[in-house]
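# Architecture at a glance
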Amino acid sequence: MTLTRTAKLKRTAAALLALLGWATLLLQYWLLMRTAGVMALSPLEATIRFFSYFTIQSNILAALVLTAFAIRSGPEEWLVHPFVRSAVAVYIAMVGLIYAVLLRQLWSPVGAQWIADAMLHYAMPIAYLLFWLTCVRKAGLRWYDPLLWLIYPLFYLGFILVRGKMSGFYPYPFIDAKTLGYAGVAANTAGLLIVCAAIGMCLVMTGWWLARRQPV
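Residues numbered from 1 in each chain as written. Predicted model: local features only at pLDDT ≥ 70, side-chain atom pairs only at ≥ 80, totals over all residues. Heavy atoms only, no water.

### As for the pattern of salt bridges
Quick note on the threshold: Criterion for a salt bridge: a side-chain nitrogen of Lys or Arg within 4 Å of a carboxyl oxygen of Asp or Glu. The cut-offs for exposure are 20% and 50% of the maximum accessible area for each residue type, with area from a 1.4 Å probe on protein chains only; residues under the lower value are buried, those over the upper are exposed, and the others partly exposed.
By the definition in use, this model includes three salt bridges. The partner of aspartate 145 in a salt bridge is arginine 142, and the shortest N-O contact between them spans 2.8 Å. A relative accessible area of 0% places aspartate 145 in the buried class. Because the salt bridges share partners, they merge into one network encompassing Glu45, Arg49 and Arg163.

### Things to note about the packing of aromatic side chains
This is how the line gets drawn: Two rings belonging to Phe, Tyr or Trp (six-membered ring only in the last case) form a pair when the distance between their centres is within 6.5 Å. Interplanar angles under 30 degrees mark stacking, angles over 60 mark edge-to-face geometry, and anything in between is tilted. Starting at the N terminus, helices and strands are each numbered in turn, a helix being any DSSP run of H or I of at least four residues and a strand any DSSP run of E of at least two.
If you walk through the whole model with that rule in mind, you get 14 aromatic pairs. Both rings, one in tyrosine 99 and one in tyrosine 122, keep their centres 5.8 Å apart while their planes meet at 75°; by these two values the pair is edge-to-face. Of this pair, tyrosine 99 sits in helix H4 (residues 83-103) while tyrosine 122 is found in helix H5 (residues 111-135), placing the two residues 23 residues apart along the sequence.

### Some thoughts on the UniProt feature "transmembrane region" (unreviewed entry) in the protein
This is how the line gets drawn: UniProt positions are given in the numbering used here, feature names are shortened, and annotations may be inferred rather than shown by experiment.
UniProt's entry tags residues 50-71, 83-102, 114-135, 147-166 and 186-211 with the feature "transmembrane region" (unreviewed entry), counted in the numbering of this structure. In the segment residues 50-71, helix accounts for 95% and strand for 0%; the C-alpha atoms at its two ends are 27 Å apart. For residues 83-102, the helix share is 100%, the strand share is 0%, and the end-to-end C-alpha distance is 28 Å.

### Observations concerning the packing of helix H3 (residues 54-71) against H5
Stated precisely, the cut-off is as follows: Lines fitted to C-alpha atoms define the axes, with helix axes restricted to the stretch in contact, and inter-axis angles between N-to-C directions lie between 0 and 180 degrees. Each crossing gets its handedness from the near helix: less than a right angle anticlockwise from the far helix is left-handed, clockwise is right-handed. Two residues form a contact once any of their heavy atoms are found within 4.5 Å.
At a closest axis distance of 11 Å, the pairing of H3 and H5 adopts a crossing angle of 40°. Here H3 runs over H5; the crossing is left-handed. Contacts between H3 and H5 involve Thr55, Ile56, Asn59, Ala62, Val65, Leu66 and Phe69 on the former and, on the latter, Leu120, His121, Met124, Tyr128, Phe131 and Cys135.

### Comments concerning H4
Rules: An expected span of 1.5 Å times one less than the residue number is assigned to each helix.
Along its 21 residues, H4 runs 29 Å from first to last C-alpha, staying within 8% of the 30 Å computed at 1.5 Å per residue. Burial of H4 is extensive: 15 of the 21 residues sit out of reach of the surface.

### Notes on a nonpolar patch on the surface
Definition in use: Residues enter patches when their relative accessible area tops 30% and they take part in no salt bridge; the joining distance is 9 Å for like charges and 5 Å for the nonpolar side chains Val, Leu, Ile, Met, Phe, Trp and Tyr. Computed by Shrake-Rupley with a 1.4 Å probe, the accessible areas treat only the displayed protein chains as cover when residues are assessed.
On the surface, Trp143, Tyr144, Leu147, Leu148, Ile151, Met205 and Trp208 cluster together to form a nonpolar patch covering roughly 730 Å² of accessible area. Those elements that place two or more of their residues in the nonpolar patch are helix H6 (145-148) and helix H8 (177-213). Take leucine 147: it is sitting in helix H6. A residue is classified by how much of its surface remains accessible, and leucine 147, at 51% relative accessible area, is exposed.

Structure (structure tokens):
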């Protein structure tokens, strides 16, 4: 079946966003590896820390979804359930929100680091949410999906706490068990999970509203 002009445009936009996402991730990895020696980190430890950031993981997921959308051919593309793509929208929205509210004031990046910072925390979240609004099929989202979308952040937190206990490294101050203690981390996590669930419910309700009017 020949793709319509609209479908081609959507796939082209997704491809460009995917390329932008992968390029930004590579830039951020290069910047980290360039400073690994100054921080007395081995290449392995620096790489593990790179992948320990929720920002990096969420941007990887977004780039993967965009890549899959761009290269998938045939009408079966539109039969894919929106669950995963919508979950990624929630995670990348959390990245932008948490950074803007809790983390932005903690440092002032310059040069290439400023570019990577802006792309990972602002440009990609906004771009992916626009992709979700305009390209992702909304029909099929369920009221309890936001609860299921919390599984991944909880798994992430468990991984960070276990590894932080062994290495002493926590990627974000609000989950730093050394400073806050586990009770403090639990309180912060509860608040973040509530926000995550609220964002998820907003997306589900938006999806229902859009699906009734113009399914994609």
